[in-house]
Amino acid sequence: MDGRDATRPAWLERLLQRDALKKLLYVDDDPDIREIVQLSLSLDGTLDVITSDGGEGALREMKEQKPDLVVLDVMMPGMDGPAMVKRMRLDPALAHIPVIFMTAKSSAEEAARFRELSAIGVIAKPFDPMQLSGQVKALWEAG
Amino acid sequence: MMDSREERLAAAAARMAELRVKFLERTTGEIETLRASVARLDEDAGALTAIRDLAHRACGTGATLGFEGISECAARIEALCERQPPGSRAEIAAVIEEMAQELARQREN
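Residues numbered from 1 in each chain as written. Chains lettered and ligands numbered in written order. Predicted model: local features only at pLDDT ≥ 70, side-chain atom pairs only at ≥ 80, totals over all residues. Heavy atoms only, no water.

### A closer look at the overall build of chain A
Part 1 of the argument: For chain A, the helix and strand inventory stands at 6 helices and 5 strands.
Part 2 of the argument: In sequence order, the secondary structure elements of chain A are arranged as α-β-α-β-α-β-α-β-α-β-α.
Part 3 of the argument: Scored against the burial criterion, the 143 residues of chain A give a buried share of 47%.
Part 4 of the argument: Intrachain contacts of chain A at a sequence separation of at least 6 include 63% that bridge at least 24 residues.
Part 5 of the argument: Of the roughly 7000 Å² that chain A leaves accessible, carbon and sulfur atoms contribute 52%. (Helix = DSSP H or I, 4+ residues; strand = E, 2+ residues; numbered from the N terminus. Buried < 20%, exposed > 50% of the residue type's maximum accessible area, 1.4 Å probe, protein only. Contact = heavy atoms within 4.5 Å. Areas by Shrake-Rupley, 256 points an atom, 1.4 Å probe, with all protein chains shown as cover.)

Shown next as structure tokens:
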């Protein structure tokens, strides 16, 4: 018996396999926030964190790196977060990847829009760099 | 050999301190950009968006780095830009100057 449960989705199965770092892609057009997020999420040593500044480059990065989770800012120039996730959901190579949004602006309409895109959660900005890792993992495990 | 959590924490804290300095320097430079955009508000349709976008970034990054005063000023500038109708040139300019003073205070600390 290898402990696998056929009822668990593939992404959760990968999460539970502890022989490799889980790969997380963070997408944000702000380079300082990208660096802070990368520092914060790398603290406990269980995540391999890569970043992208958004747009088509981020989608290419997802196909190349095959992250286990994508966390992305909502407000980005050109292709915003929700538009990016819509593209992901239409692409068979990316549709399965769980997504968490980060946003400074939360409203009932935005929350409904994120749910329609099957986001597993939303993290408010500004965030506490020391708490971010716990927030991401809690949403990931619950999602 | 992987770094211990303590080593990673120390390295992250050091880098955060550097980012705080970098943020203050960059945002101080952006004050001039904001002032120039305010001066063009009446003739440049994109000036309000430029102000709003700069303020949005300063608000989020400032708060994340612990600069609540700067972030609060930036949030007010952003809100003035998004208000319908938008804030007047004088209103926006006044908050930009408040933000400039707050930046100067933080640089002295």
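So, next bit.
### A look at helix H3 (residues 68-82) of chain B
Given 3.6 residues per turn, any residue in an α-helix points the same way as the ones three and four places further on.
Residues and elements named next belong to chain B.
Part 1 of the argument: The terminal C-alpha atoms of H3 lie 21 Å apart, and with 15 residues this matches the ideal 21 Å at 1.5 Å per residue to within 8%.
Part 2 of the argument: Within the sequence span of H3, burial applies to Ile 70, Ser 71, Cys 73, Ala 74, Ile 77, Glu 78, Leu 80 and Cys 81.
Part 3 of the argument: If you follow the buried residues of H3, they end up packed against helix H1 (5-39), helix H2 (47-64) and helix H4 (89-108). (Expected span 1.5 Å × (residues − 1).)

### A short note on the nonpolar core
Part 1 of the argument: The biggest cluster of nonpolar side chains holds 46 residues, and the ones touching the most others in it are Leu 24 of chain A together with Ile 77, Ile 92 and Met 99 of chain B.
Part 2 of the argument: If you tally residues by element for this core, the top one is H1 of chain B, at 7 residues.
Part 3 of the argument: Setting aside chain neighbours within four positions, we find Ile 92 of chain B in contact with Val 38, Leu 41, Leu 48, Ile 51, Ile 77, Leu 80, Cys 81 and Gly 87 of chain B.
Part 4 of the argument: With 21 residues, the next largest nonpolar core counts Met 62, Val 70, Met 79 and Met 84 of chain A among its residues. (Core = buried A, V, L, I, M, F, W, Y, C linked by side-chain atoms within 4.5 Å.)

### Describing the pairing of strand S5 (residues 121-124) of chain A
Part 1 of the argument: Covered by surrounding structure in S5 of chain A are Gly 121 and Ile 123 of chain A only, the residues Val 122 and Ala 124 of chain A on the alternate face being uncovered.
Part 2 of the argument: Following the backbone out of strand S4 (residues 99-103) of chain A, through helix H5 (residues 108-116) of chain A and into the adjacent parallel S5 of chain A, one traces a crossover that is right-handed. (Right-handed = clockwise from strand over helix to strand, strands pointing away.)

### Some details on the side chain of Asp 30 of chain A
Part 1 of the argument: Along the polypeptide, Asp 30 of chain A turns up in the loop between strand S1 (22-27) and helix H2 (31-42).
Part 2 of the argument: A polar contact of 2.6 Å, which involves the side chain of Asp 30 of chain A, links it to the side chain of Thr 61 of chain B.
Part 3 of the argument: Filtering out sequence-adjacent residues up to four positions away, Asp 30 of chain A remains in contact with Arg 57 and Thr 61 of chain B. (Polar contact = N/O pair within 3.5 Å; in protein donor to acceptor, adjacent residues only side chain to side chain.)

### Structural notes on the sheet that holds strand S2 (residues 47-52) of chain A
Residue and element names in this part refer to chain A.
Part 1 of the argument: Strands sit in the order S2-S1-S3-S4-S5 across an open sheet of 5 strands; the sheet is parallel. Edge strands, defined here as strands with exactly one partner in the open sheet, are S2 and S5. Ignoring which end each strand starts from, the neighbouring axes of this sheet average 20° apart.
Part 2 of the argument: On top of the sheet, helix H3 (residues 55-65) reaches S1, S2 and strand S3 (69-73); it is set at about 175° to S1, its chief contact. (Pairing = 2+ DSSP bridges. Axes fitted to C-alpha atoms, helices over the stretch in contact; angles between N-to-C directions.)

### Observations concerning the packing of H2 of chain A against H2 of chain B
The axes of two packed helices give the description: the angle between them and the distance between them.
Part 1 of the argument: Interaxial distance between H2 of chain A and H2 of chain B falls to 10 Å at its minimum, and their mutual angle equals 30°. With respect to H2 of chain B, the axis of H2 of chain A lies roughly parallel. Classified by chirality, the crossing of H2 of chain B by H2 of chain A is left-handed. Contacts from Pro 31, Asp 32, Ile 33 and Ile 36 of chain A of H2 of chain A reach H2 of chain B at Arg 57, Gly 60, Thr 61 and Thr 64 of chain B.
Part 2 of the argument: Of the residues assigned to the contact of H2 of chain A with H2 of chain B, the class counts are 3 nonpolar, 3 polar and 2 charged. (Parallel < 35°, antiparallel > 145°, perpendicular 65-115°, else oblique. Left-handed = near helix turned anticlockwise from the far one by under 90°. Nonpolar A, V, L, I, M, F, W, Y, C, P; charged D, E, K, R; others polar.)

### As for the confidence of the model for chain B
Part 1 of the argument: Per-residue pLDDT for chain B has a mean of 92; in total, 97% of the residues score no lower than 70.
Part 2 of the argument: On the interface metric, ipTM, the complex scores 0.74, and its pTM is 0.80. (pLDDT = per-residue confidence, 0-100.)

### Some points on the interface of chain B and chain A
Part 1 of the argument: Between chain B and chain A, the contact holds 19 residues from the first and 19 residues from the second.
Part 2 of the argument: Summing both partners gives a buried area of about 1700 Å² for chain B against chain A, and 62% of it is carried by carbon and sulfur.
Part 3 of the argument: In terms of surface lost to chain A, no three residues of chain B exceed Arg 8, His 56 and Thr 64 of chain B, which account for 29% of the buried area on that side.
Part 4 of the argument: At the boundary of chain B with chain A, the tally comes to 4 salt bridges. (Buried area = accessible area lost by both parts, 1.4 Å probe. Salt bridge = Lys/Arg side-chain N within 4 Å of Asp/Glu carboxyl O.)

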